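Structural description and commentary
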Amino acid sequence: NGETIPYALIVLRDGETVVGAAQTDSDGVFDLADVAPGTYTALISADGFLNLEQQVAINASQTTPFSPSLDPAGTVVGTLRDAGGSPIKGLVISAEGQTQAVGGFAVSNEDGSYVIRNLPWGEYDVRVGARAGIGLAYSTVTLAGGSSEQTVDFDLATAGYISGVVLGNTGQ
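The rules behind each value
Residues numbered from 1 in each chain as written. Predicted model: local features only at pLDDT ≥ 70, side-chain atom pairs only at ≥ 80, totals over all residues. Heavy atoms only, no water. Helix = DSSP H or I, 4+ residues; strand = E, 2+ residues; numbered from the N terminus. Polar contact = N/O pair within 3.5 Å; in protein donor to acceptor, adjacent residues only side chain to side chain. Salt bridge = Lys/Arg side-chain N within 4 Å of Asp/Glu carboxyl O. Buried < 20%, exposed > 50% of the residue type's maximum accessible area, 1.4 Å probe, protein only. Patch = residues over 30% accessible without salt bridge, like charges linked within 9 Å, V, L, I, M, F, W, Y side chains within 5 Å. Areas by Shrake-Rupley, 256 points an atom, 1.4 Å probe, with all protein chains shown as cover. Pairing = 2+ DSSP bridges. Axes fitted to C-alpha atoms, helices over the stretch in contact; angles between N-to-C directions.

1. Here we look at the side chain of Ser113
Position of Ser113 relative to the elements: it lies in strand S8 (residues 113-119). Of the polar contacts made by the side chain of Ser113, one reaches the side chain of Asp111; its length is 2.6 Å.

See the structure below:
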């Protein structure tokens, strides 16, 4: 929407070498001085937006205008609880894109909460990995314009067990 982004980070690279870095101020403005003329890769990142990698050509003895636009990113948050309402910590939660190959993951905290950040807008299958005594679960969520954060809470049932012995047939 063209609004400035405060406190974004801009890193200028020549191959793998960092030649300069700056952070935007509260008005989204930055200056990066004393850069030799040439073509560089600018890496731009800011909370709530997707990272951007863009080429920029710096000319000698003049200011090069550079105003990259970042696409907004989505976030999936939630809490994992067992059947009794107690938080479940240490489970892996993944957000797997249905319409794009990008996704993310998190591990639930002491209070059962998790946050998966910097997801492009789209549809995701949010999955909770199983472990001994806890069943597998998933839900689908859509991150789209105007709703950058979606909450997906899971109340996980205690998993059952099966055990036995596999026997060979004697053929009689």
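2. What about the pattern of salt bridges?
The final tally for this structure, using the stated rule, is 3 salt bridges. Of the charged contacts, one joins Lys89 and Glu110 as a salt bridge, the two residues approaching to 3.0 Å between their closest N and O atoms. Here Lys89, found in the loop between strand S5 (74-82) and strand S6 (92-97), pairs with Glu110, found in the loop between strand S7 (103-107) and S8; they are 21 residues apart in sequence, far enough to count as distant. On the accessibility criterion, Lys89 (45% relative accessible area) is partly exposed.

3. Quick look at a nonpolar patch on the surface
A surface patch of nonpolar side chains, amounting to about 300 Å² of accessible area, comprises Val92, Phe105 and Val107. As for its position among the elements, Phe105 is in strand S7.

4. What to know about the sheet that holds strand S9 (residues 122-128)
Across the sheet, 4 strands lie side by side as S7-S6-S9-S10; this open sheet has antiparallel pairing. Each end of this open sheet is capped by a strand with a single partner; those strands are S7 and strand S10 (137-143). Neighbouring strand axes in the sheet, compared pairwise and without regard to direction, differ in orientation by 20° on average. The pairing of S6 with S7 spans 5 bridges and is classified as antiparallel. Across the sheet, Ile93 pairs through a bridge with Ala106, a residue of S7.

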